[in-house]
Amino acid sequence: MNDRTSPRRHLLIAGAVWAVLSIVGILVVLGLQILPIIASREAVIMEHALIVLTVVSVPVLMFVVVGLAYPAIRFRARPGDEDGPPIHGHHRLEVGWVLGTFAMVVGLFVYGSIGLLDIRGDQQAVLEVEAHAKQWEWDFEYLGKEFHSPELVLPVGQRVHILIEGKDVVHSFSVPAFGVKQDAVPGRITQIYVTPTIVGKYGVQCAELCGLGHTKMLAPVTVMEPSDFADWLAGMQAGTGG
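Residues numbered from 1 in each chain as written. Predicted model: local features only at pLDDT ≥ 70, side-chain atom pairs only at ≥ 80, totals over all residues. Heavy atoms only, no water.

## Things to note about the overall build of the protein chain
- Across its full length, the protein chain carries 4 helices and 10 strands.
- Listing the helices and strands of the protein chain from first to last along the sequence gives α-α-α-β-β-β-β-β-β-β-β-β-β-α.
- Relative to the compact-globule value of 18 Å for 242 residues, the protein chain shows a C-alpha radius of gyration of 26 Å, a clear excess of over 25%.
- C-alpha extents for the protein chain along the principal axes are approximately 90 × 35 × 30 Å.
- Counting every position in the protein chain, which comprises 242 residues, the buried fraction comes to 31%. (Helix = DSSP H or I, 4+ residues; strand = E, 2+ residues; numbered from the N terminus. Rg over C-alpha atoms; globule rule 2.2 N^0.38 Å. Buried < 20%, exposed > 50% of the residue type's maximum accessible area, 1.4 Å probe, protein only.)

## A few points about helix H1 (residues 6-30)
- Its 25 residues place the ends of H1 36 Å apart at the C-alpha level, agreeing with the 36 Å of an ideal helix rising 1.5 Å per residue.
- Every buried residue of H1 is listed here: His10, Ala14, Ser22, Gly25 and Val29.
- Looking at the buried side of H1, the elements it contacts are helix H2 (41-74). (Expected span 1.5 Å × (residues − 1). Contact = heavy atoms within 4.5 Å.)

## Overview of H2
- When the terminal C-alpha atoms of H2 are compared, their 49 Å separation across 34 residues agrees well with the 50 Å that a helix rising 1.5 Å per residue should span.
- At its buried positions, H2 is contacted by H1, helix H3 (91-120), strand S7 (180-184) and strand S8 (190-194).
- Of the residues that open H2, the one with a side-chain oxygen 3.4 Å from the backbone nitrogen of Glu42 is Ser40. (Polar contact = N/O pair within 3.5 Å; in protein donor to acceptor, adjacent residues only side chain to side chain.)

## Thoughts on a positive patch on the surface
- Together, Arg9, Arg74, Arg76 and Arg78 line one region of the surface with positive charge.
- By secondary structure assignment, the location of Arg74 is in helix H2.
- Arg74 sits in the partly exposed class, given a relative accessible area of 36%. (Patch = residues over 30% accessible without salt bridge, like charges linked within 9 Å, V, L, I, M, F, W, Y side chains within 5 Å. Areas by Shrake-Rupley, 256 points an atom, 1.4 Å probe, with all protein chains shown as cover. Salt bridge = Lys/Arg side-chain N within 4 Å of Asp/Glu carboxyl O. Lys, Arg positive; Asp, Glu negative; His and termini not counted. Charge placed at Lys NZ, Arg CZ, Asp CG, Glu CD.)

## Considering the nonpolar core
- The biggest cluster of nonpolar side chains holds 37 residues, and the ones touching the most others in it are Phe140, Tyr142, Leu152, Phe173 and Phe178.
- The residues touching Leu152, leaving out its near neighbours within four places in the chain, are Val129, Phe140, Tyr142, Ile162, Phe173, Val204, Pro220, Val221 and Thr222. (Core = buried A, V, L, I, M, F, W, Y, C linked by side-chain atoms within 4.5 Å.)

## Considering the sheet that holds strand S3 (residues 147-149)
- Taken in spatial order, the 5 strands of this open sheet run S3-S2-S1-S5-S8, and their pairing is mixed. Unpaired on one side and paired on the other, S3 and S8 mark the two borders of the sheet. The average undirected angle you get between the axes of adjacent strands in this sheet is 25°.
- Contacting strand S1 (127-134), strand S2 (137-142) and S3, helix H4 (residues 226-238) runs over the sheet at an angle of about 115° to S3. (Pairing = 2+ DSSP bridges. Axes fitted to C-alpha atoms, helices over the stretch in contact; angles between N-to-C directions.)

So this is what it looks like as structure tokens:
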């Protein structure tokens, strides 16, 4: 092959390597579960968002890797080599790069907005709980039920509205299994909605450095069947639960 067609050949080889690595990387990502535990409707949405972001990032990463590695290996300096002519730019490549990345950012923005609206939902819930954060413990008040609990107990399959407040410094309410995290700010009420989907035991942790006892600022989370939750509520209101 003559010298005039060599640059095209190199581009085809590099492009083929990029495509193969991108496909392999995407298949690997699609086979992963990024969140360790997915126990709520909101966590499912977060998992899908993380997968989409990672899938989109794989071709970009491989473009950078191949773009650096292929020239470094194929055109590495050899004894007697001289510097080639300077390259001042490629107008079509620059325009394509800008338009492609712009379309990618806009697409991700639209996808993320749809997911965020889906998580927020219609702002309706069957249960409201206040989560009070203070150094270094959690307290949960069940609104309309007239009792507090050191444990967050929720019914499976039902949407819950959690109001969060910090009593002293900034804390952060995080339940990794639910895919939710929200700051607890003194003097301000923040909120999240969550719909547990799997019966089991999980945990609330503070995700904002809040002092010496930060790592021990934990509370259990129990998700029950609705009938068991109703019995638990009745016991707590009667003063016999715990």
